[in-house]
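In case you want the letters, here they are:
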Amino acid sequence: MRGTTTGVAVRRRIGDGLPAMFLDDDFVQRLCDGLDEVLAPIPSALDNFSAVLDPSLAAPDFLEWLGGWVGVEIDHTWPIERRRMMVARAADVFSRRGTRSGMEDLIELFTGVRPEIIEGGATSASQTPLGTLPGDAGAPLVVRLAMPQPAPAVLSRLHRLVTANKPAHLSHRVEFVSPPRAARLPPPPGPAA
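Described in the following lines is the structure provided in the data block. (Residues numbered from 1 in each chain as written. Predicted model: local features only at pLDDT ≥ 70, side-chain atom pairs only at ≥ 80, totals over all residues. Heavy atoms only, no water.)

## What to know about the overall build of the protein chain
The secondary structure content of the protein chain amounts to eight helices and three strands. Listing the helices and strands of the protein chain from first to last along the sequence gives α-α-α-α-α-α-α-β-β-α-β. With 193 residues in all, the protein chain has 26% of them scored as buried. Residue pairs at least 24 apart in sequence account for 50% of intrachain contacts in the protein chain once pairs closer than 6 positions are excluded. In the form shown here, the protein chain has an accessible surface area of approximately 13,400 Å², with 60% of it arising from carbon and sulfur atoms. (Helix = DSSP H or I, 4+ residues; strand = E, 2+ residues; numbered from the N terminus. Buried < 20%, exposed > 50% of the residue type's maximum accessible area, 1.4 Å probe, protein only. Contact = heavy atoms within 4.5 Å. Areas by Shrake-Rupley, 256 points an atom, 1.4 Å probe, with all protein chains shown as cover.)

## Thoughts on the packing of helix α6 (residues 80-95) against helix α7 (residues 100-111)
Packing of α6 against α7 brings their axes to within 10 Å, and their N-to-C directions diverge by 170 degrees. Overall, the two elements α6 and α7 adopt an arrangement that is roughly antiparallel. Packed against α6, whose contacting residues are R82, M85, M86, R89, V93 and F94, the element α7 presents G102, D105, L106, L109, F110 and T111 at the interface. For the contact of α6 with α7, the per-class residue count stands at seven nonpolar, two polar and three charged. (Axes fitted to C-alpha atoms, helices over the stretch in contact; angles between N-to-C directions. Parallel < 35°, antiparallel > 145°, perpendicular 65-115°, else oblique. Nonpolar A, V, L, I, M, F, W, Y, C, P; charged D, E, K, R; others polar.)

## Digging into the nonpolar core
In this structure, I107, L145, L158 and V162 are the most contacted members of the largest nonpolar core, which totals 25 residues. Elements with a minimum of two residues in this core: α5 (63-69), α6, α7, β2 (141-146) and α8 (152-165). With five residues, the single largest contributor to this core is α7. For I107, the contacting residues outside a window of four places in its chain are G112, V113, P115, I117, V143, L145, L158, L161 and V162. (Core = buried A, V, L, I, M, F, W, Y, C linked by side-chain atoms within 4.5 Å.)

## Points about the pattern of salt bridges
Here the structure, examined in full by the defined rule, presents 16 salt bridges. For R30, the salt bridge is made with D26, and the minimal N-O distance between the two is 3.1 Å. Here D26 and R30 lie together in helix α2 (residues 26-39), a separation of four residues that amounts to about one turn. For the pair shown, R30 and D26 are each scored as exposed. R114 is paired through a salt bridge with E104; the nearest N and O atoms lie 3.2 Å apart. (Salt bridge = Lys/Arg side-chain N within 4 Å of Asp/Glu carboxyl O.)

## Some points on the packing of α7 against α8
Where α7 meets α8, the axes come as close as 11 Å, and the angle between the chain directions of the two elements is 160 degrees. Between α7 and α8, the interaxial angle falls into the category roughly antiparallel. Crossing angle aside, the handedness with which α7 passes α8 is right-handed. Taken together, the residues of α8 that come into contact with α7 (itself represented by M103, L106, I107, F110 and T111) are V154, R157, L158, L161, V162 and N165. Of the residues assigned to the contact of α7 with α8, the class counts are eight nonpolar, two polar and one charged. (Left-handed = near helix turned anticlockwise from the far one by under 90°.)

## A few points about α2
In this model α2 runs 20 Å from its N-terminal to its C-terminal C-alpha over 14 residues, within 8% of the 20 Å that 1.5 Å per residue would give. Inspection of α2 places V28, Q29, C32 and D36 among the buried residues, and these make up the whole buried set. Each buried residue of α2 lies within a common arc of 95 degrees when the element is viewed along its axis, so the set occupies one face. Exposed residues lying more than 90 degrees from the buried face of α2 are D26, F27, R30, E37 and V38. In this structure, the buried residues of α2 make contact with α1 (20-23). Among the residues of α2, the N-terminal cap falls to D25, whose side-chain oxygen and the backbone nitrogen of F27 are separated by 3.1 Å. (Expected span 1.5 Å × (residues − 1). Arc of directions from axis to C-beta. Polar contact = N/O pair within 3.5 Å; in protein donor to acceptor, adjacent residues only side chain to side chain.)

If you want it as structure tokens, here you go:
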């Protein structure tokens, strides 16, 4: 929740802009001073509006609203920097929706792991007239991730993400493989004897 803003400096007092007959009226000036304090945050908010809309600067609770503008479902369990990156890159990623690179980028933003995407084929060309077509028309789109299988709720969201962004005529399958182990480096050389 946002707190109230107090003590914002007033650039131009409302009472100073009134007609001359109200400049010496104590009641009117006190009324305007009260309005000054209430309305003072508005110019500040308008002056900083571009920062409010910038995912790298926006308040964390505002990111969900920004994400809604570009069709991003934000996971509140993610670190704030990952949420900011997802919202900032959403327009670029969604402009390539349905393509292999767009799917790879979107899944990487969601999981933090670059997927291997295997397409099944099913082209409609043949070297000979009326010959058999290469590929398998029923082959699914396979999304392979080098990570442990996530919790069921996250897995469900991943399937929804793939379903919404793959070509509609394809089925899909998500596979998880053990991440490759890092090569062990030899120990650093000891002191010279």
